[in-house]
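The primary structure of each chain is shown beneath.
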Amino acid sequence: MIVRFHIDQFETGRFDYRVSHEGEDLYADAGLASIEECISAAVDGLGQDAMGAEIAYKNIISGTYPLASLALMSAQIAQHAENSTAAIEELLRQPLGQ
């Protein structure tokens, strides 16, 4: 199964996450210090059925990763999620046609 990690920032330096599968919430946590911590905590809570996870930061999906990659490269994946979201948010702020 492929799950989705929904990560959000609710104030400066405070993040929360929830893990879902096919629209059903499986578990969540709040008050973590970074996107990377959210990814690590979410991976730790997964059972043996999960093969990978889709990462969504502020509702923008940055990629789908095998669990081994999430565990070994959580810092890089967190940075990619942050960069992807920032780039999309910048595009959304621009007037149409530019």
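None of the values given here were measured: they were computed from a predicted structure.

Chemist: Can you help me understand the sheet that holds strand 4 (residues 52-57) in this one?
Modeler: For sheets, the rule is that strands pair by backbone hydrogen bonds, running either parallel or antiparallel. Strands sit in the order 3-2-1-4-5 across an open sheet of 5 strands; the sheet is mixed. Edge strands, defined here as strands with exactly one partner in the open sheet, are strand 3 (24-32) and strand 5 (60-66). The average angle at which neighbouring strand axes cross in this sheet is 20 degrees, direction not considered. Pairing of strand 1 (residues 2-11) with strand 2 (residues 14-21), which is carried by 7 bridges, proceeds in the antiparallel orientation. Among the inter-strand pairings, Phe5 is bridged to a residue of strand 2, identified as Val19. Against the sheet, helix 1 (residues 35-44) touches strand 1, strand 2, strand 3 and strand 4, its axis set at about 35 degrees to strand 2. Each of strand 4 and strand 5 is contacted by helix 3 (residues 74-93), which is oriented at about 155 degrees to strand 5, the strand it contacts most.

Chemist: How should I be thinking about the packing of aromatic side chains in this particular structure?
Modeler: Each aromatic ring pair is described using two quantities: the centre-to-centre distance and the angle formed by the ring planes. Scanning the entire structure with this criterion turns up 2 aromatic pairs. A ring pair is formed by Tyr17 and Tyr27, whose centres lie 6.4 Å apart and whose planes are at 85 degrees; its orientation type is edge-to-face. Of this pair, Tyr17 sits in strand 2 while Tyr27 sits in strand 3, placing them 10 residues apart in sequence. Using a relative accessible area of 7% as the deciding quantity, one classes Tyr17 as buried. Among the residues examined, Tyr27 registers a relative accessible area of 23% and is labelled partly exposed.

Cut-offs and rules
- One numbering rule holds for all chains: residues counted from 1, following each sequence as written.
- In keeping with the model being predicted, local features are shown solely for residues with a pLDDT of at least 70 and side-chain atom pairs are shown and tallied solely at 80 or more, while totals for entire chains, interfaces and linings include all residues.
- For the side-chain quantities, the full set of heavy atoms in the structure was used; hydrogens and water were omitted.
- Strand pairing is defined by DSSP finding a minimum of two bridges between the two strands.
- Secondary structure elements are defined from DSSP: runs of H or I of at least 4 residues count as helices, runs of E of at least 2 residues count as strands, and each element is numbered from the N terminus.
- Axis definition: a line fitted to C-alpha atoms, over the contacting stretch in the case of helices. Angles run 0 to 180 degrees between N-to-C directions.
- Residue contacts follow a heavy-atom distance rule, with two residues in contact if any of their heavy atoms lie within 4.5 Å.
- Two rings from Phe, Tyr or Trp (for Trp, the six-membered ring) form a pair when their centres are within 6.5 Å of each other. A pair whose planes differ by under 30 degrees is stacked, one over 60 is edge-to-face, and the rest are tilted.
- Here's how the labels work: a residue is buried when its accessible area is under 20% of the maximum for its type, exposed when over 50%, partly exposed in between, all with a 1.4 Å probe on protein chains only.

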